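Commentary on secondary and tertiary structure
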Amino acid sequence: MVLGTIADKLGLEVKTSGGLTAEVTGAYVSDLLSDVIGNSEKGNIWITLQVHPNIIAVATLKELAGIILVNSRQPEEETLKKAEEEQIPLMTTELPTFQVAGRLYKLIGEC
Amino acid sequence: MTVKEIVKILDCRVLTGERNLDSEVKAGCGCDLMSDVLAFIKPGAILLTGLNNPQAIRTAEMSDVGVVCFVRGKQPSEELIALARENEITLLTTSLPMFDACGKLYTNGLVGWSEYKE
Amino acid sequence: MIGERDITKVQELVYEMKVEQVMTKDIISVSPHSLMIELRDLLREKRISGVPVVDEGRLVGLVSIEDFIKCLAEGEIDIPIKDRMSINIKTLYNNEPLVQAVEEFDRTGYGRFPVIDRESGELVGIITKGDIVRGLLKKIEIEYHAEEIHRYRASHFFEDIVADKTTLIFQYKVISKDFNRAGQTSSGLKKTLRRMGMPSKVIRRVAIATYEAEMNIVVFTDGGQITARITPQEIRIDIVDSGPGIPDIEKAMQPGFSTAPDWIRELGFGAGMGLPNIKKCSDQMNLDSTVGKGTHLEITFNLNEKMKLGSGNDS
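These lines cover the structure that appears in this document, whether it is placed above or below. Computed from a predicted structure; not experimentally measured.

**Section: the overall build of chain B**
A tally of regular secondary structure across chain B gives five helices and five strands. Listed by position from the N terminus, the elements making up chain B come as α-β-β-α-β-α-β-α-β-α. Every one of the 118 residues in chain B was classed for burial, and the buried ones make up 64%. Only carbon and sulfur atoms are counted for the fraction: they give 47% of the accessible area of chain B, which is about 4300 Å².

Here it is, written out as structure tokens:
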């Protein structure tokens, strides 16, 4: 499933330009950067509460497909700037982690 | 959903609260940042977290959350288990990552905190 | 007339608890036929200032150290106690509520009352102000010995019950960077509030706000102190640290703003939600900070009013 479809089906607000055609290999949910560095996989979509610029560095390092910021969190200005630079799609939702993960799990399971 | 059902769905190991398996869990919350848990979680919810330190238990204690489940096979320390027991918190651990744990509970009908009405 | 809501647990207890629950049962007594001289060793060894005089289980008088000194001065120490004891003694019954004892102490200014069993008429105990304070403390299970809970002055506690405006003060020290012990203060406070019978929604708000404040001390400062003052009207928590201080309070109050380093974030804190959380939980919040000196955070929770809609995080 491509990122654009997920954004569409989950009603995510896309904050960056481009990159929505990337194929998503799965999802990784964590708010701890070390955990994501250690355990996420290439092409994963990352669901997190963290809005700090360092999330872009982690996503770039791990070649993640994109990041979903939950619970109405807005990215810091610097984070958004870095996301554009590094071509990491950044999306937001008002839903909490549990529900976004739940819906995405269902969506992935259906196809 | 009861704790017992959660244990079955997530294939959990039960570390404390063996006698509370019939108690009802009202909503799910998956989070590693404790301030967010404190701000949003409802009493009676389950906290799923990858944060394997005593503050996860303290946070549950402060917010009247009776069940904590560590994800991705985290094995908590003896001190942490003792803290959970002392505060009558049911402590579970599952080898599933957070995404699958939230996903399985959600698809089995457990609601998130923003969907749960007291 | 104060409403039921206004009465704290401690005040309730003085109505609920009976004299016999706090009195000293292990009584030292003397016979009326003993001689005054025999009192000397007793008073000295037991370090007491007065002894009930008992004849066949019945209280017949009270003899005090003053009575003994008088005899000594008059050189009449070989006379029987019954000739020198006071016989008009104010007593209390075993099943009277504590509040009755409190009132008698207040009215008479006496230091002790013998306690008589209402059924049998026998002497069954002695009660002092100290017994009442100890009994109440034991009942609400406040451990004096715990390092974190400095014992509030028992004498004040007693006066406060009489004055009907109980203030309980608890003080806790919070150690910087001690992540394993962090949360102990809030945990202790939460348990105390629960024992005092506070409403659980209020307890939850106090616990969450205090815990966030405690974590702020642990994470950002060189250590500090948390003081909780509980009155029938409100719970006030003062969180004081000695530095480094907050440069821009307005910014610090913005959800998501944080100066925490990554290692703090990896411990599950420092996402910039602490202060907004505290504000959301409390009814009133004052934050005062000077860079280089320290921060004083004061949060208040109302106990009188009905819980306002929108206050607390259950909203």
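Read on, since the account is not over.
**Some points on the overall build of chain C**
A count of helices and strands for chain C gives twelve helices and ten strands. Out of the 315 residues belonging to chain C, those deemed buried represent 46%. Of the contacts made within chain C by residues no fewer than 6 positions apart, 61% connect residues no fewer than 24 positions apart. Here chain C displays about 16000 Å² of accessible surface, and carbon together with sulfur accounts for 48% of that area.

**Quick look at the sheet that holds strand 5 (residues 90-93) of chain B**
Residues and elements named next belong to chain B. Here five strands make up an open sheet; going across it, the order is 1-5-4-3-2 and the pairing mixed. Looking at the sheet topology across the chains shown, the edges are occupied by strand 1 (13-16) and strand 2 (28-30). On average, each strand axis in the sheet is inclined to that of its neighbour by 25 degrees, with strand direction left out of account. This element, helix 4 (residues 78-86), spans strand 1, strand 4 (67-70) and strand 5 of the sheet and lies at about 70 degrees to strand 1. Sitting on the sheet, helix 5 (residues 98-107) touches strand 2 and strand 3 (46-49), and the angle it makes with strand 3 is about 155 degrees.

**A word on the pairing of strand 2 (residues 26-29) of chain A**
Residue and element names in this part refer to chain A. Burial along strand 2 is two-sided: the residues G26 and Y28 and A27 and V29 are all buried. Both strand 2 and strand 3 (residues 44-48) contribute to a ladder of four bridges, which runs parallel. Each residue of the ladder has a partner; that of V29, found in strand 3, is I47.

**Topic: the sheet that holds strand 3 (residues 92-93) of chain C**
Spatially, 3-4-5 (chain C) is the arrangement adopted by the three strands of the open sheet, whose pairing is mixed. In this open sheet, the two edge strands, each paired with only one partner strand, are strand 3 and strand 5 (123-128) of chain C.

**Points about the interface of chain C and chain A**
Each partner contributes residues to the interface: chain C has six residues there, and chain A has nine residues. Buried area between chain C and chain A, summed over both chains or domains, comes out near 630 Å², and the portion from carbon and sulfur atoms is 37%. Among the residues of chain C in contact with chain A, D262(C), R265(C) and E266(C) are the three that bury the most area, contributing 72% of the side total. Counting every contact that joins chain C to chain A gives zero salt bridges. Where chain C meets chain A, there are two residue pairs in polar contact (both at pLDDT 80 or more). For the side of chain C that touches chain A, a count of residues per class yields one nonpolar, two polar and three charged.

**Description of the nonpolar core**
Formed by 112 residues in total, the largest nonpolar core has its most connected members in L48(B), I235(C) and I237(C). The greatest single-element share of this core, amounting to twelve residues, is contributed by helix 9 (residues 200-220) of chain C. Leaving out residues up to four positions away in the same chain, L48(B) has contacts with F98(A), L10(B), C29(B), G30(B), C31(B), C69(B), V71(B), M98(B), C102(B) and L105(B). With 17 residues, the next largest nonpolar core counts V19(C), V22(C), M23(C) and L136(C) among its residues.

**A look at the packing of aromatic side chains**
All names here are of chain B. A complete count under the given rule lists seven aromatic pairs over all chains for this structure. With a centroid separation of 5.0 Å and an interplanar angle of 10 degrees, the aromatic rings of F40 and W113 are classed as stacked. Linking F40 in helix 2 (residues 34-40) with W113 in the segment after helix 5, this pair joins segments that are 73 residues apart in sequence. For F40, a relative accessible area of 23% puts it in the partly exposed group. A relative accessible area of 12% means that W113 is categorised as buried.

**A word on the interface of chain B and chain C**
Across the contact, 24 residues belong to chain B and 28 residues belong to chain C. Between chain B and chain C, a total of about 2000 Å² is buried, with carbon and sulfur atoms accounting for 49% of that surface. In terms of surface lost to chain C, no three residues of chain B exceed L38(B), Q55(B) and M62(B), which account for 30% of the buried area on that side. Across the contact surface, chain B and chain C share three salt bridges.

**A closer look at the pairing of strand 10 (residues 294-302) of chain C**
Residues and elements named next belong to chain C. Two elements, strand 8 (residues 234-241) and strand 10, share seven bridges in a ladder whose sense is antiparallel. Looking at the pairing, D238 lines up with E298 of strand 10. Inspection of the sheet shows strand 9 (residues 284-290) paired to strand 10 by seven bridges, in the antiparallel sense. Paired with N286 across the strands is E298, a residue of strand 10. Hairpin remark: strand 9 followed by strand 10, antiparallel, with three residues in the connecting loop; positive phi at G292, about 90 degrees.

**A short note on the environment of E86(A)**
Residue and element names in this part refer to chain A. Tracing the backbone through its elements, the reader meets E86 in helix 4 (residues 77-86). The class for E86 is partly exposed, based on a relative accessible area of 41%. The spacing of E86 and A57 is 29 residues in sequence and 8.5 Å in space, taken between C-alpha atoms. When near neighbours in sequence (up to four residues on either side) are disregarded, E86 contacts I56 and T60.

**Re the packing of helix 1 (residues 3-10) of chain B against helix 5 of chain B**
Residues and elements named next belong to chain B. Taken N-terminus to C-terminus, the directions of helix 1 and helix 5 make an angle of 125 degrees; their axes are 10 Å apart at the nearest point. Judged by the inter-axis angle, helix 1 sits oblique to helix 5. As for how helix 1 packs across helix 5, the hand of that crossing is right-handed. Residues I6, I9 and L10 of helix 1 form the contact with helix 5, whose own contacting residues are A101, K104 and L105. Each residue belonging to the contact of helix 1 with helix 5 can be placed in one class, and the counts come to five nonpolar, no polar and one charged.

**Looking at a negative patch on the surface**
Together, E77(A), E78(A), E85(A) and E86(A) line one region of the surface with negative charge. Position of E77(A) relative to the elements: it lies in helix 4.

**Observations concerning the pattern of salt bridges**
Counted according to the given criterion, the structure contains 18 salt bridges over all chains. As a salt-bridge pair, R58(B) and E61(B) come within 3.0 Å of each other at their nearest N and O atoms. Pair noted here: R58(B) and E61(B) are both in helix 3 (residues 54-62), with a separation of three residues, about one helical turn. Residue R58(B) is classed as buried on the basis of its relative accessible area of 6%. In this structure E61(B) comes out as buried when scored by relative accessible area, which is 6%. Note that E86(B) is salt-bridged to K191(C), the shortest N-O span being 3.9 Å. Of this pair, E86(B) sits in helix 4 while K191(C) is found in helix 8 (residues 184-195), placing the two residues in two different chains. The exposure class assigned to E86(B) is exposed, which follows from its relative accessible area of 54%. Assessed through its relative accessible area of 23%, K191(C) is described here as partly exposed.

Conventions adopted
Residues numbered from 1 in each chain as written. Chains lettered and ligands numbered in written order. Predicted model: local features only at pLDDT ≥ 70, side-chain atom pairs only at ≥ 80, totals over all residues. Heavy atoms only, no water. Helix = DSSP H or I, 4+ residues; strand = E, 2+ residues; numbered from the N terminus. Buried < 20%, exposed > 50% of the residue type's maximum accessible area, 1.4 Å probe, protein only. Areas by Shrake-Rupley, 256 points an atom, 1.4 Å probe, with all protein chains shown as cover. Contact = heavy atoms within 4.5 Å. Pairing = 2+ DSSP bridges. Axes fitted to C-alpha atoms, helices over the stretch in contact; angles between N-to-C directions. Buried area = accessible area lost by both parts, 1.4 Å probe. Salt bridge = Lys/Arg side-chain N within 4 Å of Asp/Glu carboxyl O. Polar contact = N/O pair within 3.5 Å; in protein donor to acceptor, adjacent residues only side chain to side chain. Nonpolar A, V, L, I, M, F, W, Y, C, P; charged D, E, K, R; others polar. Core = buried A, V, L, I, M, F, W, Y, C linked by side-chain atoms within 4.5 Å. Phe/Tyr/Trp six-rings, centres within 6.5 Å; stacked < 30°, edge-to-face > 60°. Parallel < 35°, antiparallel > 145°, perpendicular 65-115°, else oblique. Left-handed = near helix turned anticlockwise from the far one by under 90°. Patch = residues over 30% accessible without salt bridge, like charges linked within 9 Å, V, L, I, M, F, W, Y side chains within 5 Å. Lys, Arg positive; Asp, Glu negative; His and termini not counted. Charge placed at Lys NZ, Arg CZ, Asp CG, Glu CD.

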